[in-house]
Amino acid sequence: MNRYVIVGSGVAGISAAEAIRALDVSANITLISEDRYGFYSRPGLAYYLTGELPEEQLFPYTQADWRRLNLRFILGRAVRIRPQEHRLDLERGDSVPYDRLLLAVGGRAVRLNVPGADLEGIVYLDTLEDARRLVALARRARRAVVVGGGITALEMVEGLAAQKTEVHYLLRGERYWPAVLDESESRLVEHRLQEHGIHLHYRTELAEALGRRGRLAAIRTEKGEILPAEILAVAIGVRARLELAQTAGLETQRGILVDEFMQTSIPDIFAAGDCAQVFDPLSGQSVMETLWNPARAQGDIAGKNMAGQRTSYRHAPSLNVTRLAGLTVTIIGSLGTGREEDATIVRGESEAWRLPFDGITLHQSAEINRLRLALGKNTLLGALVMGDQTLSLPLQDLIFRQVDITPIRAQLLQPPTTLSETILHFWQALPTSSGHARETCTKTANSG
Ligand SMILES: Cc1cc2nc3c(=O)[nH]c(=O)nc-3n(C[C@H](O)[C@H](O)[C@H](O)COP(=O)(O)OP(=O)(O)OC[C@H]3O[C@@H](n4cnc5c(N)ncnc54)[C@H](O)[C@@H]3O)c2cc1C
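Residues numbered from 1 in each chain as written. Predicted model: local features only at pLDDT ≥ 70, side-chain atom pairs only at ≥ 80, totals over all residues.

Colleague: Just to check I follow, could you spell out the site of the ligand for this structure?
Modeller: Taken together, 40 residues lie near the ligand, and G8, G10, G106, G273 and G348 sit nearest. Looking at the shell around the ligand, the elements that each hand over two or more residues are α1 (11-23), β2 (28-33), α2 (45-49), α5 (150-162), α8 (292-306) and β22 (319-324). Its residues placed into classes, the shell around the ligand shows 17 nonpolar, 13 polar and ten charged. (Near = placed C-beta within 6 Å. Helix = DSSP H or I, 4+ residues; strand = E, 2+ residues; numbered from the N terminus. Nonpolar A, V, L, I, M, F, W, Y, C, P; charged D, E, K, R; others polar.)

This is the structure we're talking about:
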């Protein structure tokens, strides 16, 4: 009987277990995780913070699902792989033998590197434990400071504001999330935050966290300004957890390098999800992303290959449907907004969005709605839809299927054409457009 060992109880690990069980009914599957909450929706944590989602709804699996999967769960940390002996050492002292091993260990929020970084009251948002802590702290706090760009920082801003905490959001540069948003999109988000009473501090970097008896009391900015605060919420990036892979000498760069079968540089060891760095044939580069759907798809492919069904992973255009300052935002494919200074990705992001593309960017805006298209020679390469989501599914479909848009290309380039109407009419007239069945990663959809 094959012994499959999976490290990590996130969506990648669970999808792999599902795939193995589907192919090998008698497989001996061991799942090891240091997270006592097991499997839950990480994107859903944002809604838990704002109080829109009760904790129970973060857990997608019922007891019956766990029984069906029929695996052995070990709560603990894996600390070393011995590839020659096919054994995995656990922190508690014992070791587990494996025939096939999957690393689905995810990523970890980048820690602050300023004086006072260890003070009580400094929080990150990786796990349910972190989210619980943030809510508990917010109940007692009067004021919080948030640092970082991207989705997670904003989720912490909104979560803290929902708990009636006064929130000061420090932006390192001139605007919000310049790595992915253009200026008009950033300004729209900032404006809505200000309307909700959030204090934005532009071009402001954190220099030091100041404490009293081990607890955060204030922060000092590089300009010398002191802001009293009981919470400092940090979302300055996420890095793949490489430490376990490195004990086995696996090849790594920013993530654990895997081939199209999710196989690492050592046979019988696979990697999937946020910890894996996967080759993207669309861009010709190995990209990192911290997105739910790719993690699930990669876990599934890894599980199939581990169980002997040779199946390759095709990197689809990266997609997230998320919420920024109350506005739904769909981001797909390549947008070419990447910048050197924002090299680390944050949660819910893909490096693929930042990659330059060969084509033209088109814009349309009306009130709180924004549409941005990355137009290639005869296909759409990427899109960002903010506000009205009528075009979200059509654009996902056109980009995923790489539909030839030559018939409307000239029209799209011809002002004063309404981009949205042109796209919508074209998509509705496509013979197979109704066949669009791709799953979107909306936060609520992830939660259950
Ligand atoms: C706050 C937040 C918001 C997000 N928003 C979005 C979003 O809007 N859209 C989107 O698509 N994605 C979003 N994501 C990202 C998405 O949730 C992740 O991409 C996805 O969960 C990755 O799954 P994974 O299985 O690769 O890793 P993880 O879910 O991180 O799981 C890793 C697991 O490995 C365990 N582990 C690690 N090392 C060890 C060890 N040595 N021993 C034992 N166990 C170990 C951990 O405890 C954990 O259980 C968000 C994530 C967070 C945290």
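Colleague: Hey, could you run me through the pairing of β22 in this one?
Modeller: Here β22 lies mainly inside the structure; five of its six residues are buried. With six bridges connecting them, β22 and strand β23 (residues 327-333) associate as antiparallel partners. The partner of T322 across the bridge, within β23, is V329. What sits between β22 and β23 in their antiparallel hairpin is a turn of two residues, with A325 showing a positive phi close to 50°. (Buried ≥ 20, exposed ≤ 12 C-beta atoms within 10 Å, placed from the backbone. Pairing = 2+ DSSP bridges.)

Colleague: For this particular structure, what's the right way to read the packing of helix α10 (residues 406-413) against helix α11 (residues 419-429)?
Modeller: Helix packing geometry: the angle between the two helix axes and the distance between the axes. α11 packs onto α10 with a crossing angle of 170° between their chain directions and a minimal axis gap of 10 Å. For the element pair α10 / α11, the angle class is roughly antiparallel. Here P407, I408, Q411 and L412 of α10 lie close against α11, whose contacting residues are L419, T422 and F426. Each residue belonging to the contact of α10 with α11 can be placed in one class, and the counts come to five nonpolar, two polar and no charged. (Axes fitted to C-alpha atoms, helices over the stretch in contact; angles between N-to-C directions. Parallel < 35°, antiparallel > 145°, perpendicular 65-115°, else oblique. Contact = placed C-beta atoms within 7 Å.)

Colleague: Would you mind going over the domain arrangement of the chain with me for this structure?
Modeller: The extent of an interface is frequently quoted as the accessible surface area lost upon association of the parts. Looking at the assigned domains, one finds that the chain contains domain 1 (3-108 + 239-306), domain 2 (122-236) and domain 3 (319-446). Each of domain 1 and domain 2 was reduced to a C-alpha centroid, and the two centroids are 31 Å apart. Taken together, the contact between domain 1 and domain 2 spans eleven residues of the former and eleven residues of the latter. The biggest single contributor to the side of domain 1 that touches domain 2 is α2, with four residues. Partitioning the side of domain 1 that touches domain 2 into residue classes produces seven nonpolar, two polar and two charged. (Domains from an automatic or database assignment.)

Colleague: Help me out: how do you make sense of the environment of R254 in this one?
Modeller: With respect to the secondary-structure elements, R254 resides in the loop between α7 (243-247) and β18 (256-258). Linking R254 and V180, residues 74 residues apart in sequence, is a C-alpha distance of 20 Å. Dropping the residues within four chain positions of it, R254 is found in contact with A240, Q277 and M288.

Colleague: Would you mind going over the sheet that holds strand β19 (residues 269-271) with me for this structure?
Modeller: Sheet strands pair via backbone hydrogen bonds, and the direction of the pair is either parallel or antiparallel. With parallel pairing, five strands are arranged side by side in an open sheet as β3-β2-β1-β7-β19. The strands lining the two open edges of the sheet, one partner per strand, are β3 (72-75) and β19. Here the average twist between neighbouring strands, direction ignored, is 20°. With three bridges joining them, strand β7 (residues 100-103) and β19 adopt parallel strand pairing. From the neighbouring strand, L103 faces β19, where its bridge partner is A271. With respect to the sheet, α1 is in contact with β1 (3-7), β2 and β7, its orientation differing from that of β2 by roughly 175°.

Colleague: Hey, could you run me through unusual backbone geometry in this one?
Modeller: Trans is the prevailing form of peptide bonds, just as negative phi is the prevailing case for residues other than glycine. Phi at K164 takes a positive value of approximately 70°, unusual for a residue other than glycine. Within the secondary structure, K164 sits in the loop between α5 and β11 (166-170). One non-glycine residue with positive phi stands out, namely E367, at about 50°. Looking at where E367 falls in the secondary structure, it is placed in the loop between β24 (360-366) and β25 (369-375). A count of 8 C-beta atoms within 10 Å places E367 in the exposed class.

Colleague: What should I look at first to understand the packing of helix α9 (residues 392-400) against α11 in this one?
Modeller: For the pair α9 and α11, the least separation of the axes is 10 Å and the interaxial angle reads 65°. Between α9 and α11, the angle is such that the two are roughly perpendicular. Along this stretch, α9 crosses α11, giving a crossing that reads as left-handed. Together, P394, L395, D397 and L398 of α9 and I423, L424 and W427 of α11 make up the contact between the two elements. Its residues placed into classes, the contact of α9 with α11 shows six nonpolar, no polar and one charged. (Left-handed = near helix turned anticlockwise from the far one by under 90°.)

Colleague: Just to check I follow, could you spell out the nonpolar core for this structure?
Modeller: As a rule of thumb, nonpolar side chains are buried together in soluble globular proteins. Counting residues in each nonpolar core, the largest one holds 133 residues, and the members touching the most others are A16, L102, L103, V146, V157, A233 and A272. What L103 contacts, discounting residues up to four positions off in sequence, is V7, L244, A245, I256, I269, A271 and C275. (Core = buried A, V, L, I, M, F, W, Y, C linked by C-beta atoms within 7 Å.)

Colleague: Sorry, what's going on with the confidence of the model for the chain here?
Modeller: It should be kept in mind that the predicted coordinates are not to be read in detail where pLDDT is low. Taken as a whole, the chain shows an average pLDDT of 92; of its residues, 94% reach a score of 70 or greater. pLDDT under 50 marks residues 434-448. Its contacts with residues more than four places away, or in other chains, come to 36 contacts. (pLDDT = per-residue confidence, 0-100.)

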